[in-house]
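Summary of structural features
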Amino acid sequence: MTEDVIAARTRALAGALAEAGFARLRVRDGETEIELRRAPRAPAAAAGAPAAVPEAVVEKPPQRPADLVASEVVGIVRLLRPAVAEGQDLDGDRELAYVETLGIRNAVHSRGGGRISAVFVHEGQPVEYGQPLFAIER
Amino acid sequence: MFKKVLIANRGEIALRINRACHELGVATVAIFSDADRASLHVRHADEAFCVGPGPVMRSYLNIPNIISAALISGCDAIHPGYGFLAENARFAEIAADHGLTFIGPKPAVINAMGDKATAKRLMREAGVPTTPGSDIVANVDEARTVCAKIGYPVLLKATAGGGGKGMRSVTAPEELPTAFATAQAEAEASFKDGRMYVEKLITNPRHVEVQVLADEHGEVVHLGERDCSVQKPSHQKLIEEAPAPALDPAVRDRLHDVATTATRAVGYTNAGTLEFLVAGDDVYFMEMNTRIQVEHPVTELIYGVDLVKEQIRIAAGEHLGFTQDDLHPHGHSIEVRVNAEDPNNNFAPAAGTLTTVVFPGGPGIRVDTHVYGGAVVPPFYDSMLAKIIAVGRTRESAILRMERALSETRIEGVKTTVDFCSEVLGEPEFRAGGIGVGWLPAFLSRRAAAV
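Residues numbered from 1 in each chain as written. Chains lettered and ligands numbered in written order. Predicted model: local features only at pLDDT ≥ 70, side-chain atom pairs only at ≥ 80, totals over all residues. Heavy atoms only, no water.

All names here are of chain B. Grouped together as the largest cluster of nonpolar side chains are 40 residues, with contacts concentrated most on Ile239, Ile334, Leu354, Val424, Phe430 and Leu440. Those elements that provide at least two residues to this core are β12 (237-242), β15 (332-339), β22 (384-392), α12 (395-408), α13 (418-426) and α15 (439-450). Viewed by domain, this core spans two of them, domain 1 (4-103) and domain 3 (206-450), each represented by three or more residues. Ignoring anything within four residues of it in the chain, the contact list for Ile239 reads Asp227, Cys228, Val230, Ile334, Glu335, Val336, Cys421, Val424, Leu425 and Phe430. If you look at the next biggest cluster of nonpolar residues, it comprises 34 residues, including Val26, Ile103, Phe322 and Leu327. (Core = buried A, V, L, I, M, F, W, Y, C linked by side-chain atoms within 4.5 Å. Buried < 20%, exposed > 50% of the residue type's maximum accessible area, 1.4 Å probe, protein only. Helix = DSSP H or I, 4+ residues; strand = E, 2+ residues; numbered from the N terminus. Domains from an automatic or database assignment. Contact = heavy atoms within 4.5 Å.)

A few words on the side chain of Glu12 of chain B. Residues and elements named next belong to chain B. Relative to the assigned elements, Glu12 resides in helix α1 (residues 11-23). A polar contact of 2.9 Å, which involves the side chain of Glu12, links it to the side chain of Lys387. In this structure Glu12 touches Tyr82, Asp368, Thr369, His370, Met384 and Lys387, once residues within four positions along its chain are discounted. (Polar contact = N/O pair within 3.5 Å; in protein donor to acceptor, adjacent residues only side chain to side chain.)

Turning our eyes to something else, we now look at helix α7 (residues 140-150) of chain B. Residue and element names in this part refer to chain B. By the burial criterion, the buried members of α7 are Ala143, Val146, Cys147 and Ile150. Seen end-on, α7 carries its buried residues on one side only, within an arc spanning 100°. Across α7 from its buried face, at more than 90 degrees, point the exposed residues Thr145, Ala148 and Lys149. The inward-facing, buried residues of α7 contact β6 (133-137), β7 (154-162), α8 (176-191) and β9 (196-200). The N-capping residue of α7, defined by a side-chain oxygen 3.1 Å from the backbone nitrogen of Asp141, is Asn139. Among the residues trailing α7, Gly151 stands out with phi positive, at a value near 85°. (Arc of directions from axis to C-beta.)

This part is about unusual backbone geometry. All names here are of chain B. Here the residue pair Tyr152 and Pro153 is connected by a cis peptide bond, since its omega of 0° sits within 30 degrees of zero. One can find Pro153 in the loop between α7 and β7. A cis amide bond, omega -5°, links Ala242 with the succeeding residue Pro243. In this fold, Pro243 is placed in the loop between β12 and α9 (249-265).

Below, the discussion takes up the packing of aromatic side chains. Residue and element names in this part refer to chain B. Within the structure shown, the criterion is met by 8 aromatic pairs over all chains. When the centroid spacing of 5.1 Å and the interplanar angle of 25° are considered together, the rings of Tyr60 and Phe84 count as stacked. One end of the pair, Tyr60, is in the loop between β3 (47-52) and α3 (63-72); the other, Phe84, is in the loop between β4 (77-79) and α4 (89-97), with 24 residues separating them in the sequence. Classification of Tyr60 as buried rests on a relative accessible area of 0%. On the numbers, 5.5 Å between centres and 80° between planes, the contact of Tyr60 with Tyr381 is edge-to-face. Pair noted here: Tyr60 is in the loop between β3 and α3 and Tyr381 is in the loop between β21 (376-377) and β22, with a separation of 321 residues, a long-range link. Across the pair, exposure class does not vary: Tyr60 and Tyr381 are buried alike. (Phe/Tyr/Trp six-rings, centres within 6.5 Å; stacked < 30°, edge-to-face > 60°.)

Set out below in structure tokens:
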């Protein structure tokens, strides 16, 4: 796909995402994959925190086009040592952590290089599906 | 008693379980998919975990993520609700392997009752009347021999079947080879299990089911029967009531006796339902559902027993604490399922935003629902939005109360079954009581022809 086709398709998907209220949308077409996510809610808001009113959750617009690395599973975060810090540069793809689910390690990769702009989780933190773990500026 | 229960479900039943837990002083953990983030069951639970995206295979059927959520939140039990993993013996085993109590019967019983041919054989051995038919037939020739013996019309059924898949009715011998081949292929494709059996087809029977409770110390009681004969052409129930109207008292007593005998015979524990076909004075066991059912509130309202609380208490090893002699039904109860469906278009499911939601209230009305004004109905799940349940001293007073309740109900944004159910309640044949499962499909045909 050419760049402007991708850009046009991304715009269309962003509209669909906002309209549907989904947290995430991924479209694969041949070798091209477009993934859009809404801005994260507060990390670990799931456990214990009072629930927001549903309207606020659904209508919250994306705040910034951050490239978020989110958990694909429910489990416990194990940060790989040396743990990455905010502001740190990554040369290329790197395994940053794994999420442990029923004794199985689910690797979390940076999916390429960039600068770590946020680390949302700490060692041993329970995380849910879709919960942002890291933000990376490409 | 448990300290914290994970509710492995969504929708109204997740809220129903949440309420039972909170009334027992038990903390709750909800699970939800991306599409259900704003659902009421997420708000009412003490904690909540997103377990996957909208499609059920990756969220509400995602066993590793669900068990993991239970473990990291410190739960000691899981309530599966109905549908999804409720009758999945493997899930119950995995939960037990991780030290979590599955709120339901033991995995071996779930397995035995989930396999229809096995369930029928066990029931027959326990002295329960079953429809004339066969065990597994190896091929079409064996099926032909059985059919000749029991007489046409017959039903070919897949032992792993459900939802009408792998099922064919056959009215004459020459239809058998094609019907057998297509039903078996369908069963193989849907359930990876092409084993078939044959049953006599009972024409226009009533669907009457008996609710049972069994604790882990040998106490077994029944909580009477429910009539669920108002079924869509897809065999999904639409209106249910308790007790069954216009039922011979001798038939009623026999159903209750047979249900408790069978429950004991298979070593059943927790809440369960035995479904029967009733044709005149004949009753035939159909299947046993090893879970709480959608229509459980009609039983609750006439017996004054909270079935979901009883499920939790039984799973925690408590004694029932009452016997059959303590149970006496009062009055009549009726439930209407409010589905996001178009009754004028083969009940096609609808998704979208509910712009207006007003539920009824007042004396004798209960509403179990997970929706509210502004809620989004996702396309991934069952179309049921709410259950409206009415109770009255008599069947007529319960129906009048339901008609009043439906007239108060306003749901806009998607098409629903509300007005259609009002129409059904007004039909003289329904009003008289005792209709069979063929009544609603026939009513739909008459109604379509009249337009």
